[in-house]
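Each chain, letter by letter, is given below.
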Amino acid sequence: MKLLVTGGAGYIGGIVATLLLEAGHEVTVLDDLSTGHRDGVPEGAAFHQGAITDAADVLDPSFDGVLHFAAKSLVSESVRRPELYWRTNVCGTLALLDAMRAADVRRIVFSSTAATYGAPETTPITEDVPPQPTNPYGASKLAVDAMLTSEAQAYDLAAVSLRYFNVAGAYAGHGERHDPETHLIPNLLAVAAGERPAAQVFGTDYPTRDGTAVRDYLHVVDLADAHLRALTAATPGRHLICNLGTGTGSTVHEVLTAVREVTGHEVPVEESPRRAGDPPSLVASHDRATAELGWKPRRDLHSMVADAWSYRQRHASS
Ligand SMILES: NC(=O)c1ccc[n+]([C@@H]2O[C@H](COP(=O)([O-])OP(=O)(O)OC[C@H]3O[C@@H](n4cnc5c(N)ncnc54)[C@H](O)[C@@H]3O)[C@@H](O)[C@H]2O)c1
Ligand SMILES: O=c1ccn([C@@H]2O[C@H](COP(=O)(O)OP(=O)(O)O[C@H]3O[C@H](CO)[C@@H](O)[C@H](O)[C@H]3O)[C@@H](O)[C@H]2O)c(=O)[nH]1
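Residues numbered from 1 in each chain as written. Chains lettered and ligands numbered in written order. Predicted model: local features only at pLDDT ≥ 70, side-chain atom pairs only at ≥ 80, totals over all residues. Heavy atoms only, no water.

Peer 1: Would you mind showing me how to read the site of ligand 2 here?
Peer 2: Taken together, 22 residues lie around ligand 2, and Thr113, Asn166, His183, Gln200 and Asp278 are the ones closest in. Tyr137 places a polar side-chain atom, nitrogen or oxygen, 3.1 Å from an oxygen atom of ligand 2. Within the contact set of ligand 2, an oxygen atom lies 3.1 Å away from a side-chain nitrogen or oxygen of Asn187. When isolated, ligand 2 has an accessible area of 690 Å², and the protein chains bury 92% of it. Elements represented by at least two residues in the shell around ligand 2 include exactly α6 (184-192) and β8 (199-202). If one sorts the elements of the shell around ligand 2 by residue count, β8 sits on top with three residues. Taken together, the residues of the shell around ligand 2 break down into twelve nonpolar, seven polar and three charged. When residues are assigned to domains, the shell around ligand 2 turns out to be shared by domain 1 (2-167 + 217-244) and domain 2 (169-215 + 247-313), each giving three or more. (Near = heavy atom within 4 Å. Polar contact = N/O pair within 3.5 Å; in protein donor to acceptor, adjacent residues only side chain to side chain. Areas by Shrake-Rupley, 256 points an atom, 1.4 Å probe, with all protein chains shown as cover. Helix = DSSP H or I, 4+ residues; strand = E, 2+ residues; numbered from the N terminus. Nonpolar A, V, L, I, M, F, W, Y, C, P; charged D, E, K, R; others polar. Domains from an automatic or database assignment.)

What follows is the structure in structure tokens.
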């Protein structure tokens, strides 16, 4: 297929674009480099530097579909500057959908998120759990999910929203390079690499098995595999929503243990208060992704940490 990948200079978009190229697809990346990197765009992809609001300049009827990763995605920033999230994630996606309609491009796979659910007590979380986002980031992604449902009904769009839980790991020289980095695994690895004296553990009083928060970490290559499957599963007139996670939760302390084992470094930590807005536990049911996409995650926490560590050792300082 000929595909537009928005956000393809970023962490996840760059890795999915790499795997799309390996699978024989033709890829054009549209990215404004606001949080991504020019060298994150894989070799073999065409690159347009621009905002998603410029999608009309890039799309034409020769495209078979769009994978839409470009977004603002920091929870705490979304609380401080909500307008940035409504403008980029919601108005930006509306402009992208307008451009798709104008160019008659009728297939989209969208990066949704577990943050649409808020802090549900149900575990594992199925797609039937009522979404109740607790921050503007999650609310903006939920708004896009609603846009896709109505576009599918009104215009026969083939749409899939993939609700990622916590993505980790690296592939083929592409990994996480966020600035600031807020994610747990790269922050722990920065300490293991000696770049920082200690990592912070946000909250040790959660109602979990060791008092630290539980998340469902998913290898970015397993995530990419789901995108390739979603492209072919997308059906005109239908908006499919699937959670993507392993179904297994890990506490912050369990991730810390894995990082210590993989790196062989002590990784000192400081206990800090809970981070505002962090739910105690988010673990996915991926039954629907298995049924609809034939998808199953294959890589465990150790392999995510090991791949992220070898990426960091080879590339992070270059
Ligand atoms: N990392 C995770 O654990 C996680 C979990 C759930 C959902 N997601 C979603 O996955 C997607 C990718 O996340 P990531 O971690 O790779 O983030 P990232 O910041 O590394 O990548 C986002 C890319 O989009 C680009 N971009 C941002 N705004 C743009 C705009 N207006 N126009 C064009 N390009 C723009 C950035 O420059 C960047 O290259 C996001 O939509 C995010 O909300 C990520
Ligand atoms: O230095 C750190 C960083 C994080 N944490 C904790 O580790 C857990 C995971 O945090 P993080 O890696 O920042 O991910 P989340 O806040 O869970 O958010 C990610 O996962 C969500 C879905 O679960 C997505 O919606 C978001 O986009 C994505 O950033 C949380 O309990 C944090 O409080 C720490 O203790 N120390």
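Peer 1: Where do I start with the pattern of salt bridges in this structure?
Peer 2: A pair can form between side chains of opposite charge whenever their charged atoms are brought close. For the structure shown, the criterion picks out 14 salt bridges. In this structure, Arg274 and Asp205 form a salt bridge, with 2.9 Å as the shortest nitrogen-oxygen distance. Here Arg274, found in the loop between β13 (269-272) and β14 (281-282), pairs with Asp205, found in the loop between β8 and β9 (214-215); they are 69 residues apart in sequence, far enough to count as distant. As a salt-bridge pair, Arg209 and Glu254 come within 2.8 Å of each other at their nearest N and O atoms. Of the two residues, Arg209 sits in the loop between β8 and β9 while Glu254 sits in helix α8 (residues 252-263), which places them 45 residues apart along the sequence. Judged by relative accessible area, Arg209 falls into the exposed class, the value being 56%. Using a relative accessible area of 30% as the deciding quantity, one classes Glu254 as partly exposed. One salt-bridge network, held together by shared partners, links Asp98, Arg101 and Glu151. (Salt bridge = Lys/Arg side-chain N within 4 Å of Asp/Glu carboxyl O. Buried < 20%, exposed > 50% of the residue type's maximum accessible area, 1.4 Å probe, protein only.)

Peer 1: Any chance you could explain unusual backbone geometry here in plain terms?
Peer 2: What you tend to see is this: most non-glycine residues have negative phi, and most peptide bonds are trans. A cis amide bond links Thr123 with the next residue in sequence, Pro124, at an omega value of -5°. Structurally, the position occupied by Pro124 is in the loop between β5 (107-113) and α5 (136-155). Cis rather than trans, the peptide bond between Asp179 and Pro180 has omega equal to 5°. Checked against the element boundaries, Pro180 lands in the loop between β7 (166-168) and α6.

Peer 1: What's the story with the packing of α6 against α8 in this structure? I'm lost.
Peer 2: The relative placement of two packed helices comes down to the angle between their axes together with the axis-to-axis distance. Contact pair α6 / α8: the axes reach a minimum separation of 10 Å and the direction vectors enclose 40°. Viewed along their axes, α6 and α8 adopt a mutual orientation that is oblique. Relative to α8, α6 is oriented so that their crossing is right-handed. Two secondary-structure elements touch here, α6 through Leu184, Ile185, Leu188, Leu189 and Ala192 and α8 through Val252, Val255, Leu256, Val259 and Thr263. Split by residue class, the contact of α6 with α8 holds nine nonpolar, one polar and no charged. (Axes fitted to C-alpha atoms, helices over the stretch in contact; angles between N-to-C directions. Parallel < 35°, antiparallel > 145°, perpendicular 65-115°, else oblique. Left-handed = near helix turned anticlockwise from the far one by under 90°. Contact = heavy atoms within 4.5 Å.)

Peer 1: Is there a simple way to think about the packing of aromatic side chains in this case?
Peer 2: This structure, assessed with the given rule, holds two aromatic pairs. A ring pair is formed by Tyr85 and Tyr137, whose centres lie 6.4 Å apart and whose planes are at 85°; its orientation type is edge-to-face. Here Tyr137 lies in helix α5 and Tyr85 lies in helix α4 (residues 82-103), a separation of 52 residues in the sequence. Of the two residues, Tyr85 and Tyr137, neither departs from the other in class, the shared state being buried. Seen from their ring centres, Tyr117 and Phe165 are 6.5 Å apart, and the 35° between their planes marks the pair as tilted. Separated by 48 residues along the polypeptide, Tyr117 in the loop between β5 and α5 and Phe165 in the loop between β6 (158-164) and β7 bring together distant segments of the chain. Phe165 carries the same exposure label as Tyr117, and that label is buried. Stacked on the ring of Tyr117, the Lys or Arg Arg163 has its end atom at 5.0 Å from the ring centre. Just above the ring of Tyr206 sits the side chain of Arg274; from NZ or CZ to the centre is 4.1 Å. (Phe/Tyr/Trp six-rings, centres within 6.5 Å; stacked < 30°, edge-to-face > 60°. Lys NZ or Arg CZ within 6 Å of the ring centre and 35° of its normal.)

In short, geometric facts, not functional conclusions.
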